[in-house]
Amino acid sequence: MDFTQNFSLKGKVAWVTGASYGIGFGIATAFAQAGATIVFNDLTQEKVDKGLDSYKAEGIQAHGYVCNVCDEEAVKATIEQIHKDVGLIDILVNNAGIIKRIPMLEMKVEDFRAVVDVDLNAPFIVSKNVIPDMIKKGHGKIINICSMMSELGRETVSAYAAAKGGLKMLTRNICSEYGKYNIQCNGIGPGYIATPQTAPLRERQPDGSRHPFDSFIVSKTPAERWGDPKDLQGPAVFLASDASNFVNGHILYVDGGILAYIGRQPQ
Ligand code: NAP
Ligand code: GCO
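A brief look at the structure comes next. Computed from a prediction, not measured in an experiment: that's the story for all the values here.

### Re unusual backbone geometry
With glycine set apart, most residues show a phi of negative sign, and most peptide bonds adopt trans.
Alright, step 1. You will see that Asn 182, though not glycine, has its phi angle at about 60°, which is positive.
Alright, step 2. Topologically, Asn 182 is positioned in the loop between helix H5 (158-178) and strand S6 (183-190).
Alright, step 3. A residue is classified by how much of its surface remains accessible, and Asn 182, at 34% relative accessible area, is partly exposed.

Pasting the structure below:
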């Protein structure tokens, strides 16, 4: 068989959570181009409808559902509807996520809890309810969208880093518990990617200059640029396909080299 067929997602049902736009949308469009049927969700019908229009503009007939991934009853109901509409789920990408950038001493407990709920508890909830599909099918792929903050901290992102660090270990634990069912659970750790989530870090200053954090990230990245969701497409298709059937519990960092780089030395 032609080896490249291992990268095909033909005949597979892929659920990318929170994928109306941003990283999830980028990953889902690549999955569709690799042959998968795309399922996504968002918090409101308005966002789902906008997402459906965006997929349509890419020539993709996606299936969109209103579902808060923190709500297990809503997740269960969505999975039941997915089964009716397109069948059992082969590929799950836990992409939905939020961040709150607040110094820890100023962060309210409910804010910390809200970030952990979406970024860590929800991947547990969705994975727990999708894995039975994968066991029935005799195969499955789970990709958790981790972060550089699965490895590093920085000021103001204590909740996010704690959640994404936990998501790295949840990834390894799902690998450990369900690898015997031919389920591979891996993570993708994006670097700094230009999406609405990081827009505040890239805003032009009143004098038209670049945001200090923008300049900081570019100086810390060997690639000397922000990432684009398209940079994640190849790694995601690899981890969703048969080409990665012996890769399990791995976090694949797609960060332009930031994690490998101490930073530009004084000139
Ligand atoms: P984004 O632009 O903020 O999009 C996040 C998506 O998740 C939105 O569609 C949002 O829906 C959805 N969402 C949030 N909470 C949800 C919930 N409770 N239920 C269902 N959907 C929910 O983020 P992004 O930059 O594309 O990031 C996607 C993932 O990558 C996140 O997990 C993020 O932590 C991670 N990540 C991002 C970067 C980066 O630099 N951008 C780097 C590393 C990791 P609404 O629009 O309705 O809120
Ligand atoms: C931040 C950014 C990062 C990125 C990403 C890096 O405020 O530091 O939002 O957290 O989103 O997670 O990998």
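Don't stop here, the text continues.
### Quick notes on the site of ligand 1
Alright, step 1. Taken together, 29 residues are adjacent to ligand 1, and Tyr 21, Asp 42, Asn 95, Tyr 160 and Thr 195 come closest.
Alright, step 2. With respect to ligand 1, the side chain of Tyr 160 contributes an N or O atom lying 2.7 Å from an oxygen atom.
Alright, step 3. Contacts to ligand 1 include Thr 195, whose side-chain N or O atom sits 2.5 Å from an oxygen atom.
Alright, step 4. Taking 900 Å² as the accessible area of ligand 1 by itself, protein coverage stands at 92%.
Alright, step 5. Taking a 2 Å distance to the grid points as the criterion, the majority of the atoms of ligand 1 fall inside the largest pocket.
Alright, step 6. When contributions to the shell around ligand 1 are tallied by element, the ones reaching two or more residues are helix H1 (22-33), strand S2 (37-42) and H5.

### Considerations on the nonpolar core
Generally speaking, a soluble globular protein has its nonpolar side chains buried in company with each other.
Alright, step 1. Counting 31 residues, the largest nonpolar core has Ile 27, Phe 31, Ile 38, Tyr 55, Val 93, Ile 143 and Ile 188 as the members making the most contacts within it.
Alright, step 2. Only strand S1 (13-16), H1, S2, helix H2 (45-57), strand S4 (91-94), strand S5 (140-145) and helix H7 (233-240) provide two or more residues apiece to this core.
Alright, step 3. Per element, the largest residue contribution to this core is seven residues, and it comes from H1.
Alright, step 4. Excluding its chain neighbours within four sequence positions, the residues that come into contact with Val 93 are Trp 15, Val 16, Thr 17, Ile 27, Phe 31, Ile 143 and Ile 145.
Alright, step 5. If you look at the next biggest cluster of nonpolar residues, it comprises 27 residues, including Ala 96, Ile 131, Met 134 and Leu 167.

Cut-offs applied
Residues numbered from 1 in each chain as written. Chains lettered and ligands numbered in written order. Predicted model: local features only at pLDDT ≥ 70, side-chain atom pairs only at ≥ 80, totals over all residues. Heavy atoms only, no water. Helix = DSSP H or I, 4+ residues; strand = E, 2+ residues; numbered from the N terminus. Buried < 20%, exposed > 50% of the residue type's maximum accessible area, 1.4 Å probe, protein only. Near = heavy atom within 4 Å. Polar contact = N/O pair within 3.5 Å; in protein donor to acceptor, adjacent residues only side chain to side chain. Areas by Shrake-Rupley, 256 points an atom, 1.4 Å probe, with all protein chains shown as cover. 1 Å grid on protein atoms, 1.4 Å probe; cavity = no way out; pocket = protein on both sides within 12 Å on 5 of 7 lines; lining within 4 Å. Sits in = over half its atoms within 2 Å of the grid points. Core = buried A, V, L, I, M, F, W, Y, C linked by side-chain atoms within 4.5 Å. Contact = heavy atoms within 4.5 Å.

Any functional reading would require information beyond the geometric quantities listed.
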